[in-house]
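Remarks on the overall topology
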Amino acid sequence: MSSLLLITLLVGFVAAVGAQNTAPWYTITSFNAALTGTNNFAPFYEARRAALMDSIATDAAWSNSDVVCMQEVVEPADRLAIVAEAAKVGLASAYINGTVEPGSELSGRNACGAQTARQLSTCIQSSTCVSFSDLRDILACTLLQCPAEVGALAQSCINCLISKGTLTELPSCIAAPATDYGTHLGLVLLSKHEILHSSITAFSPSSDLFRRGYLRADIRSVGTVICTHTYPYMESMGSAVNDRGAQINLSQMKALITAASGHQAIIAGDMNTSPSLPDMDISRIFIDSYSYSLSQSFSSPYANGSTTACTFCTYNPIIGIAAASNNQTMYVSSILDHILVNRQVFNVDSAGTKRVFMQNLATVNTSNGDVSIPLSDHYGIQVRVQSAAMSHVWSLATVVLAALLVLLSTP
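Everything quoted here is computed from the prediction, not taken from an experiment. (Residues numbered from 1 in each chain as written. Predicted model: local features only at pLDDT ≥ 70, side-chain atom pairs only at ≥ 80, totals over all residues. Heavy atoms only, no water.)

**Some words on the overall build of the protein**
- A tally of helices and strands in the protein yields 13 helices and 14 strands.
- Burial statistics for the protein: of 411 residues in total, 52% are counted as buried.
- Pairs at least 24 apart in sequence give 76% of the contacts found in the protein among residues at least 6 apart. (Helix = DSSP H or I, 4+ residues; strand = E, 2+ residues; numbered from the N terminus. Buried < 20%, exposed > 50% of the residue type's maximum accessible area, 1.4 Å probe, protein only. Contact = heavy atoms within 4.5 Å.)

Following this line, the structure appears as structure tokens:
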């Protein structure tokens, strides 16, 4: 066979290999929807819910996504409605809260056990925690003074109380079916690609007020996606609660990194940790967790991007209204939402890294008149990624071809 013919065949072969192995790009989206039910934690639930459902059909941020990780979708009916609407724009595979949907093991039980609920109520009334107006702050305070009582509550009870937004609804939570509230984490994972395997994992210890965890899904072509919502910073609480929260949040970040290790994995969600970027008016929150992720070869492309801005922002009208209704001081702007990618595993398209779901899509009536608001108290983020291993195939093939050409052209 002549050298010219051999070279021609090699060129054709390498071109074919390169065409087949050029890695595709995938868009990953994370969004805390703050659909926490009819309470005042994130106000105007009904208006925002309706706007969100409409946006799935009209906002390209949904249809352009390959995978969407959503947090704080508390009501079972909302999770199922989102799945149905998302399927219409190609996000036809879904995983919602693992095995408890609605949860056969909860059948016949009430959301709150009468005895444990009474013990909690007695503890709160005899403590200094009654000085707080926000139910979450009351329960967080109670963790320090009556941890056994809070730890004894079923997650369905906590979910019911938070959904109601007040302790005065304790009797209705005792009467409510546990299947209405479940042991869910409020997570929804949507995908355009087939979900091959999935699982749900609760963080340890399980006796904390905000019992968080993660969904893990092995998705065809994309890899492993971990969807999570970690322990929150309590703006109105003192250092004792938040120092403990920082430790819990860090332990959860470590668990996420461990779950992702050894896999082509992406971690997405509201991680309640933020870097400090003073020039952009972004305040640090549980900074040790963010720093730990960076030390483990992960990066947060959105937080490091050229167009970085807060995802939890003081100028979001929902946050101002929520702070006023809970008699709290104004929150600080931060980047709580992240899509963590392993720098050794993925390439990142900076042009595809951006903030989404910022439009004011609902109009609500307040004491100050009509106000236009966005879908949530968080803005969403998107990151476009590519498998670095697959993208290197073409580069390697090119090098091999060049070497062979040199050898064949040498007399």
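Additional details are given in the paragraphs that follow.
**Some points on the sheet that holds strand β11 (residues 346-356)**
- Sheet architecture is open: six strands sit in the order β3-β4-β2-β1-β14-β11, paired in mixed fashion. The outermost strands of the open sheet, each flanked by one partner alone, are β3 (93-96) and β11. On average, adjacent strands in this sheet sit at an angle of 15° to one another, irrespective of strand direction.
- Most of the contacts of helix α4 (residues 76-87) go to strand β4 (residues 188-191), to which it runs at about 10°, and overall it touches β1 (25-35), β2 (67-73), β3 and β4. (Pairing = 2+ DSSP bridges. Axes fitted to C-alpha atoms, helices over the stretch in contact; angles between N-to-C directions.)

**Some thoughts on the confidence of the model for the protein**
- Considering every residue of the protein, the mean pLDDT works out to 80; 75% of them sit at 70 or more.
- Looking at the elements of the protein, mean pLDDT is at its lowest for helix α1 (residues 3-21), recorded as 49, and at its highest for helix α3 (residues 60-63), recorded as 97.
- For residues 391-397, every residue scores under 50 in pLDDT, and the model assigns this stretch nine contacts once sequence neighbours within four places are set aside. (pLDDT = per-residue confidence, 0-100.)

**Some remarks on the packing of aromatic side chains**
- All told, the structure shown has four aromatic pairs when counted by the stated rule.
- Taking the centre distance of 4.6 Å and the plane angle of 45° together, the rings of F31 and F357 count as tilted. Residue F31 is located in strand β1, and its partner F357 is located in the loop between β11 and β12 (362-366); the two are separated by 326 residues in the primary sequence. You'll find F31 and F357 in the same group, each marked buried.
- Ring centres 5.7 Å apart and planes at 50° place the aromatic pair F203 and Y214 in the tilted group. Taken together, the positions of F203 in the loop between β5 (195-202) and β6 (213-219) and Y214 in strand β6 put the pair 11 residues apart, joining distant regions of the chain. Each member of the pair, F203 as well as Y214, carries the same accessibility label: buried. (Phe/Tyr/Trp six-rings, centres within 6.5 Å; stacked < 30°, edge-to-face > 60°.)

**Re helix α11 (residues 287-295)**
- Among the residues of α11, I287, S289, Y290 and S293 are the ones counted as buried. For α11, the buried positions fall inside an angular range of 165° around the axis, keeping them on one side.
- Where α11 ends, the next residue or the one after it, S297, has phi of about 70°, a positive value. (Arc of directions from axis to C-beta.)

**So, the pattern of salt bridges**
- Tallying each qualifying case throughout the model produces four salt bridges.
- The partner of E194 in a salt bridge is R220, and the shortest N-O contact between them spans 2.8 Å. With E194 in the loop between β4 and β5 and R220 in the loop between β6 and β7 (223-229), the pair connects residues that are 26 residues apart, well separated along the chain.
- A salt bridge links R384 to D349, with the nearest nitrogen and oxygen atoms 2.8 Å apart. Highlighted residues: R384 in strand β14 (residues 380-387) and D349 in strand β11, separated in sequence by 35 residues.
- A relative accessible area of 29% places R384 in the partly exposed class. (Salt bridge = Lys/Arg side-chain N within 4 Å of Asp/Glu carboxyl O.)

**Notes on the packing of helix α2 (residues 45-58) against α4**
- Two numbers describe how α2 lies on α4: the axes approach to 9 Å, and their chain directions differ by 20°. Comparing their axes, α4 and α2 come out roughly parallel. Handedness of the crossing formed by α2 with α4: right-handed. On the side of α2, the interface is formed by Y45, R49, L52, M53 and I56, while α4 contributes A77, D78, A81, I82, E85 and A86.
- A per-class count over the contact of α2 with α4 returns eight nonpolar, no polar and three charged. (Parallel < 35°, antiparallel > 145°, perpendicular 65-115°, else oblique. Left-handed = near helix turned anticlockwise from the far one by under 90°. Nonpolar A, V, L, I, M, F, W, Y, C, P; charged D, E, K, R; others polar.)

**Digging into the state of the cysteines**
- Overall, the coordinates contain three disulfides when judged by the stated rule.
- What pairs with C69 in a disulfide is C227, and their sulfur atoms sit 2.1 Å apart. For the disulfide bridge between C69 and C227, the dihedral angle about the S-S bond is near 80°, and by the sign convention the bridge is right-handed. Residue C69 is found in strand β2, and its partner C227 is found in strand β7; the two are separated by 158 residues along the sequence. Summarising the burial analysis for this pair, C69 and C227 share the class buried. (Disulfide = S-S within 2.5 Å.)

**So, the side chain of D377**
- Relative to the helices and strands, D377 resides in the loop between β13 (369-373) and β14.
- At 3.2 Å, the side chain of D377 and the side chain of S376 are in polar contact. (Polar contact = N/O pair within 3.5 Å; in protein donor to acceptor, adjacent residues only side chain to side chain.)

**Topic: the nonpolar core**
- In this structure, L189, I339 and V385 are the most contacted members of the largest nonpolar core, which totals 34 residues.
- The set of elements that each furnish at least two residues to this core consists of β1, β2, β6, β7, β8 (265-270), α11, β10 (337-342) and β14.
- Beyond its immediate sequence surroundings of up to four residues, V385 is in contact with P24, W25, Y26, I28, I266, V341, F346, N347 and V348.
- Among the nonpolar cores identified, the runner-up in size contains 27 residues, and V68, M70, V73 and I373 belong to it. (Core = buried A, V, L, I, M, F, W, Y, C linked by side-chain atoms within 4.5 Å.)

**Some remarks on the pairing of β4**
- In β4, alternate side chains face the same way, and those of V188 and L190 on one face and L189 and S191 on the other are all buried.
- The pairing of β2 with β4 spans four bridges and is antiparallel. From the neighbouring strand, V68 faces β4, where its bridge partner is L190.
- By the bridge criterion, four bridges tie β3 to β4 in an arrangement that is antiparallel. The residue bridging I96 from the neighbouring strand is V188, located in β4.

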